Structures are given as structure tokens and as C-alpha cells.
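Notes for the structure review
Single-letter residue listing:
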Amino acid sequence: MSGKRALVCGAGGFIGSHLVKRLRRDGYWVRGVDLKYPEFSPSAADDFVLADLCRRESWERILDRGFDEAYQLAADMGGAGYIFTGNNDSHVMHDSAMINLHMADFGVRKNVGKVFYSSSACMYPAYNQEDPRNPKCGESTAYPAAPDSEYGWEKLFSERLYAAFSRNQGLDVRVARFHNIFGPEGTWRGGREKAPAALCRKIAEQSDGGEIEIWGDGQQTRSFLYIDECVEAVRRLMESSFAGPVNVGSEEMVTINQMAAMIMETAGKKLAIKHVPGPTGVRGRNSDNGLIRAQLGWEPAMRLQQGLTTTYAWIEAQAQSAAGPVRANSGKFLEAVP
Ligand code: NAD
């Protein structure tokens, strides 16, 4: 047992719920906080507070005891269909910034030992991501800033906010820039899902010989990191004295068409692809892991195909299940905070 206490904000979400499981395995006492319980399995948290982290009162309640570590993953976010259409920008910016302002302020006032912040590759300048074969996402290329979405601008603002609190008020922070994290128990339908989950769902729902739609020409490139590898990198960063910001991603870059082919192979189906207009984000993006390799000796071990196989099996089962998501939660909970 580590005997340490951890707070996980966004514990009802994809990465947060996996992180809670890992922290419990590592011997932490964990409090999870979110607007909702995890959708697909009960939270592993010792207690789970339903609360709106945009509200000051919530933080007073949540930080009613000392915490060695806080992991701030709560954000109003989703895949391209959510963050690149422009329709959700005011919520994306307001809610996420508000949560981070409170985290930084309360982190200092309540003496939280260390704070982890989940930034995103979406903060990198669009002008370095126009060539799909050669995108530049090294940490030092962040400025002059030109993210391609308000989501990215908020991430950049919050990175700077935590850096300022570290400089001026001694807040001990760690910042990671996640690059497309995927895996089982991630959102797979409803409009907030990301490319790997959306493609797995589309392929699972079609019979062999059918057709799926892909937004854009499918030549845009990305890399994708399996959830367990992401959680491992986060834990290593928190254990180290290196503050970041640092990329947490895979360097195995593929086009969206290639990823669709990989999932079809896993599914044992051959489907036609129809390219349709839709939000696609930057033309190319890949993680640059030079800094994290040098600082933490970390790099992902798993190939994309392997992660897609596990994820496809989970989404296929979800799509086939008439029962829908699990909503019950067997953990112990504090009373709900409005
Ligand atoms: P997610 O949407 O599954 O989880 C975010 C959680 O935050 C949700 O459960 C949501 O209910 C919660 N939340 C939102 N507003 C809240 C509020 N006002 N009060 C309390 N909780 C609130 O997303 P995720 O994929 O788990 O991402 C976690 C973090 O990592 C986010 O900050 C995201 O921006 C960042 N990130 C994720 C990826 C990725 O590929 N998944 C990539 C880059 C960055």
C-alpha cells in the first residue's frame, strides 16, 4: 500500500476511470469526482463525488481533507464531431478553463502535494501540421501559437495557468500533452466519440461487403495510444521530478484509411469506404517522443493493431448488447454535490 491519497477529476470519463483503477492497484486511496459515474463499469474509487467542478462550492467539499496528488482530467470534450464544428466552443472554453482555474487556486490553498494536468496535442500550431507525411509536434514547436480549435486554445491557456501557479505560488505540477488515446470503455457513439471508436462502431454495425462513411478523404494522418500505455506514462510522469509539458502518444502514424483497413482485418470484413464531407482537424499529426524518452525512459510497447483488436472486440460486444451501458455503481459514495 502506498498510503497516499489521490483525487481524480473527470473520474467518470474514459481516461479518468482507467486511471482510478490503476491508482487503486498502486495502493492509493482514491476519490473520484465527475458530473456522472463511469458509463460502462462501476468506478474503482474508494469514494466518488458527483459534482460540477465549475462551481467553487464543489471544490470546498471535495478538498475537505489532504491529498498527496490530484489528477485533473475533467474537460468538456469529444472527438472531431464535437470540438471542430464550432457549435460547442463557448462551453468547451468556459467549462474547462473554469475547472482549471479552480484546480490551480484550490491546489495551492489546500496544499495539494502534486497536480497532474491533461493537456492535448490540439494545442500545437496548425501551420506545422499541414503535411500529412511530416507533421511537427515536438514540445518546442508550440509557439508562435496557432491551435486549430478553441479546445486547443483552452489547453494552451491552462498549461500556462499551471506554469504561472508553479512559478509564483509553488504549485507542484506535471503536464502531459495527450495524442489520441483509445481503448475499451471509451465513448463509442453519441457524437463525442473519436476516430478509432467511431470506425470500430461503423465496421461492427455493417455486414461483410457493406459500406462505411469516413469524414474527408481519409488521407489525414494521426497516431493513437492505447489507454494502458497512457496511464503508465502519466504515473511515471507523476513519480518523476520532470514537470513537462511533454507529449504522451505513439509515433506509429497512420492515415485514417489505413486504420480503417486495420480494423476491417481484425473484424474479418471487407467493406467499401465512402468519403463524405465532415470535420477532420489538421492534415497530419504524430507524437514526437524524443523528450519523454530522454526524461522518463518511456515509450509505448504496443502496436496499433493490437490495441485496435482489443478495442474492436469491446465495441462489437457493446453494439450487439441490447442491455446497453452499465449504470449501477457498487462503490461507496459521498452524497451528491449539486
Ligand atoms: P472524457 O470526456 O471521457 O472525460 C472527461 C470527463 O470530464 C467526463 O466524464 C465529464 O463528465 C467530466 N466533466 C466535464 N465537465 C465537468 C464538470 N463541469 N464537472 C465535473 N466533471 C466534468 O474524456 P477523456 O478522453 O477521458 O479525456 C480526459 C482528459 O484528457 C481531458 O482533459 C481531455 O481534454 C484530455 N485529452 C484526451 C485525449 C483523448 O484522446 N482521449 C486527447 C488529448 C487530451
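Read on for a plain summary of the structure.

With that settled, consider the overall build of the chain. The helix and strand tally for the chain stands at 10 helices and 14 strands. Its C-alpha radius of gyration of 19 Å places the chain within 12% of the 20 Å reference for a compact globule of 338 residues. When contacts within the chain are restricted to residue pairs at least 6 apart in sequence, those whose partners lie at least 24 apart make up 79%. Just so you have it, the chain exposes about 14200 Å², and 49% of that area is on carbon and sulfur atoms. Distance between charge centres in the chain, computed from 39 positive and 41 negative side chains, equals 2 Å.

Moving on: the nonpolar core. Val-8, Tyr-71, Phe-116 and Phe-178 are the most contacted members of the largest nonpolar core, which has 57 residues in total. When residues of this core are assigned to their parent elements, the largest contribution, seven residues, is made by helix α7 (residues 227-239). If we skip the residues at most four places from it in the chain, Tyr-71 touches Ala-6, Leu-7, Val-8, Cys-9, Leu-19, Leu-23, Phe-116, Val-234, Arg-235 and Met-238. In this structure, Ala-70, Phe-165, Val-173 and Val-175 belong to the second largest nonpolar core, which totals 26 residues.

Before going further, it helps to examine the pattern of salt bridges. Within this structure, the stated rule accounts for 28 salt bridges. For the salt bridge of Arg-235 with Asp-26, the shortest nitrogen-to-oxygen distance reads 2.9 Å. In this pair, Arg-235 is assigned in helix α7 and Asp-26 in the loop between α1 (14-25) and β2 (29-34), connecting sequence segments 209 residues apart. Judged by its relative accessible area of 7%, Arg-235 is buried. What you see here is one network of salt bridges that share partners, running through Lys-4, Arg-22, Asp-26, Glu-69, Glu-232, Arg-235, Arg-236 and Glu-239.

What surrounds the ligand is a group of 26 residues, the closest being Ile-15, Asp-34, Tyr-151, Lys-155 and Ile-181. One of the side-chain N or O atoms of Lys-194 is found 3.2 Å from a nitrogen atom in the ligand. In isolation the ligand exposes 820 Å². Once the protein is present, 93% of that is buried. The set of elements that each furnish at least two residues to the shell around the ligand consists of α1, β5 (114-120) and α5 (150-169). If one sorts the elements of the shell around the ligand by residue count, β5 sits on top with three residues. Among the residues forming the shell around the ligand, the class breakdown is 14 nonpolar, seven polar and five charged.

Before going further, it helps to spend a moment on the environment of Pro-279. Structurally, the position occupied by Pro-279 is in the loop between β13 (272-276) and α9 (290-296). A C-alpha to C-alpha distance of 15 Å links Pro-279 and Ala-126, two positions 153 residues apart in sequence. Those residues in contact with Pro-279 that lie beyond four places of it in its chain are Ala-80, Gly-81, Phe-84, Thr-85 and Trp-215.

Further remarks concern α7. Relative to the 18 Å expected for 13 residues at 1.5 Å per residue, α7 spans 19 Å between its end C-alpha atoms, a close match to the ideal helical length. Taken together, the buried positions of α7 are Ile-227, Glu-229, Cys-230, Val-231, Ala-233, Val-234, Arg-235, Leu-237 and Met-238.

Further remarks concern the side chain of Glu-139. On the secondary structure map, Glu-139 appears in the loop between β5 and α5. Every residue in contact with Glu-139, bar those within four places of it in the chain, is listed here: Tyr-124, Arg-177, Pro-245, Val-246, Asn-247, Asp-288 and Leu-291.

For the structure shown, the criterion picks out nine aromatic pairs. When the centroid spacing of 4.9 Å and the interplanar angle of 90 degrees are considered together, the rings of Phe-40 and Trp-314 count as edge-to-face. With Phe-40 in the loop between β2 and β3 (47-50) and Trp-314 in helix α10 (residues 304-320), this pair connects stretches of sequence that are 274 residues apart. A residue is classified by how much of its surface remains accessible, and Phe-40, at 12% relative accessible area, is buried. Residues Trp-59 and Phe-106 carry aromatic rings whose centres are separated by 6.2 Å and whose planes lie at 20 degrees to one another, so their mutual orientation is stacked. You can see Trp-59 sitting in helix α2 (residues 56-62) and its partner Phe-106 sitting in helix α4 (residues 89-109), a full 47 residues away along the chain. Joined through ring pairs, the aromatic side chains of Tyr-71, Phe-116 and Phe-178 make up one cluster. Taking NZ or CZ as reference, Arg-192 lies 4.0 Å from the ring centre of Tyr-82, over its face. When the ring centre of Trp-215 is taken as reference, the NZ or CZ atom of Lys-202 above it lies at 5.8 Å.

Cut-off values and rules
- Residues numbered from 1 in each chain as written.
- Predicted model: local features only at pLDDT ≥ 70, side-chain atom pairs only at ≥ 80, totals over all residues.
- Heavy atoms only, no water.
- Helix = DSSP H or I, 4+ residues; strand = E, 2+ residues; numbered from the N terminus.
- Rg over C-alpha atoms; globule rule 2.2 N^0.38 Å.
- Contact = heavy atoms within 4.5 Å.
- Areas by Shrake-Rupley, 256 points an atom, 1.4 Å probe, with all protein chains shown as cover.
- Lys, Arg positive; Asp, Glu negative; His and termini not counted.
- Charge placed at Lys NZ, Arg CZ, Asp CG, Glu CD.
- Core = buried A, V, L, I, M, F, W, Y, C linked by side-chain atoms within 4.5 Å.
- Buried < 20%, exposed > 50% of the residue type's maximum accessible area, 1.4 Å probe, protein only.
- Salt bridge = Lys/Arg side-chain N within 4 Å of Asp/Glu carboxyl O.
- Near = heavy atom within 4 Å.
- Polar contact = N/O pair within 3.5 Å; in protein donor to acceptor, adjacent residues only side chain to side chain.
- Nonpolar A, V, L, I, M, F, W, Y, C, P; charged D, E, K, R; others polar.
- Expected span 1.5 Å × (residues − 1).
- Phe/Tyr/Trp six-rings, centres within 6.5 Å; stacked < 30°, edge-to-face > 60°.
- Lys NZ or Arg CZ within 6 Å of the ring centre and 35° of its normal.

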